Amino acid sequence: MSAQTYRLLNLLLLGALFAGSVMVYPRLPERFPRHFDLSGRPDAWEERSLVGWLLLPAVAAGIAALMELVAHTAQSAPQLWNVPDKPRFLALTREEREPIARRLRAFAAMVGVASTALMCVVQASVYHASVSPVPRMPVYVFAAVALHLGVLLVAGMRLNRGVSALIRDAYARRAAAA
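Residues numbered from 1 in each chain as written. Predicted model: local features only at pLDDT ≥ 70, side-chain atom pairs only at ≥ 80, totals over all residues. Heavy atoms only, no water.

What to know about the overall build of the protein
The helix and strand tally for the protein stands at 6 helices and 2 strands. Listing the helices and strands of the protein from first to last along the sequence gives α-β-β-α-α-α-α-α. For 178 residues, the compact-globule estimate of 2.2 N^0.38 gives 16 Å, and the protein exceeds it by more than 25% at 21 Å. Seen through its principal axes, the protein has C-alpha atoms that stretch 75 × 25 × 20 Å. Looking at the protein as a whole, 40% of its 178 residues qualify as buried. Considering only contacts within the protein whose residues lie at least 6 apart along the sequence, 66% involve residues at least 24 apart. Working note: accessible area of the protein is about 10000 Å², and carbon and sulfur atoms make up 68% of it. Looking at charge distribution, the protein has the averaged site of its 19 positive side-chain charges lying 6 Å from that of its 11 negative ones. (Helix = DSSP H or I, 4+ residues; strand = E, 2+ residues; numbered from the N terminus. Rg over C-alpha atoms; globule rule 2.2 N^0.38 Å. Buried < 20%, exposed > 50% of the residue type's maximum accessible area, 1.4 Å probe, protein only. Contact = heavy atoms within 4.5 Å. Areas by Shrake-Rupley, 256 points an atom, 1.4 Å probe, with all protein chains shown as cover. Lys, Arg positive; Asp, Glu negative; His and termini not counted. Charge placed at Lys NZ, Arg CZ, Asp CG, Glu CD.)

A short note on helix α3 (residues 55-76)
Look at α3: 31 Å from first C-alpha to last across 22 residues, which is about the 32 Å you get at 1.5 Å a residue. Taken residue by residue, α3 has L56, P57, A60, A64, M67, A71, T73, A74 and Q75 as its buried positions. Along its buried surface, α3 packs onto α1 (3-24), α2 (50-53) and α5 (94-131). (Expected span 1.5 Å × (residues − 1).)

Notes on the pattern of salt bridges
Where charged atoms from two side chains of opposite charge approach closely, those side chains can pair. All chains considered together, the criterion is met by 6 salt bridges. Between R7 and E68 there is a salt bridge, and its shortest N-O distance comes to 2.7 Å. Taken together, the residues R7 in helix α1 and E68 in helix α3 connect sequence positions 61 residues apart. For R7, a relative accessible area of 24% corresponds to the partly exposed category. Across the pair R102 and E98 runs a salt bridge whose closest N-O atoms are separated by 3.6 Å. (Salt bridge = Lys/Arg side-chain N within 4 Å of Asp/Glu carboxyl O.)

Things to note about α5
Since the α-helix advances by 3.6 residues per turn, residues separated by three or four positions end up pointing in the same direction. Taking 1.5 Å of rise per residue, the 38 residues of α5 would be expected to cover 56 Å, and the 54 Å separating its terminal C-alpha atoms lies within 8% of that figure. Maximum bend of α5: about 35 degrees, positioned at I100. (Bend = angle between axes of the 7 residues up to and from the residue.)

Focus: the packing of aromatic side chains
A complete count under the given rule lists 1 aromatic pair for this structure. Between F32 and W53, the ring centres sit 5.2 Å apart and the planes meet at 85 degrees, which makes this aromatic pair edge-to-face. You can see F32 sitting in strand β1 (residues 31-36) and its partner W53 sitting in helix α2, a full 21 residues away along the chain. Given the relative accessible area of 0%, F32 is considered buried. Here W53 falls in the buried class, since its relative accessible area comes to 0%. Just above the ring of Y171 sits the side chain of R174; from NZ or CZ to the centre is 5.0 Å. (Phe/Tyr/Trp six-rings, centres within 6.5 Å; stacked < 30°, edge-to-face > 60°. Lys NZ or Arg CZ within 6 Å of the ring centre and 35° of its normal.)

Shown next, in the form of C-alpha cells:
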C-alpha cells in the first residue's frame, strides 16, 4: 500500500477512535482503570473526565503525527534513516533514492496505522474493564500487542530486504548505463 492509503486509513481509524470514545463516555463509571498489571488487573484508577478518557486517543493522534514527520524525513533528510548499506544509499542521487524513500514513507505510515489500531483495541478494552462487574484487561489485548509487535518485526525485515534490493538495482542501472 502507498503512504497516502495508509494515511487515509489512519485518519479513519483516528476518527473512529475519537468518535467511539466520545460515544461511550456517558456510560463510564465515576472511576475507570488507567493502568493494569501483568495479570490484567487494574492497579491505577482515574476519576471520570472527558480529558482523562480522551488521553489515549490523543496519544494515538500524537503517534500518527510523529509517524507523518518520520515519513517526511525519508525525502528531506535521508541521512537520518537507518538503512542497509547506508553509504551507498546516501551516494545515490535524489531521483535514484526516490523508490527507496517511497518505501520508507509507506513503512512509517504503516507503523502509524498499526499503532492506531492497537490504541483502538486498548481503549475498547479499558472501556470493557470499566463497565465489567470484575474489572480486568481482556486477554485479547495481549494477543493484539503480540500481533502488533509481530507485524512490525516482519514488516521491518521485509523493508530491509526491499531497500537492499533497490540499492543494488540502482547501482546495477548505473553500471549498465556506463
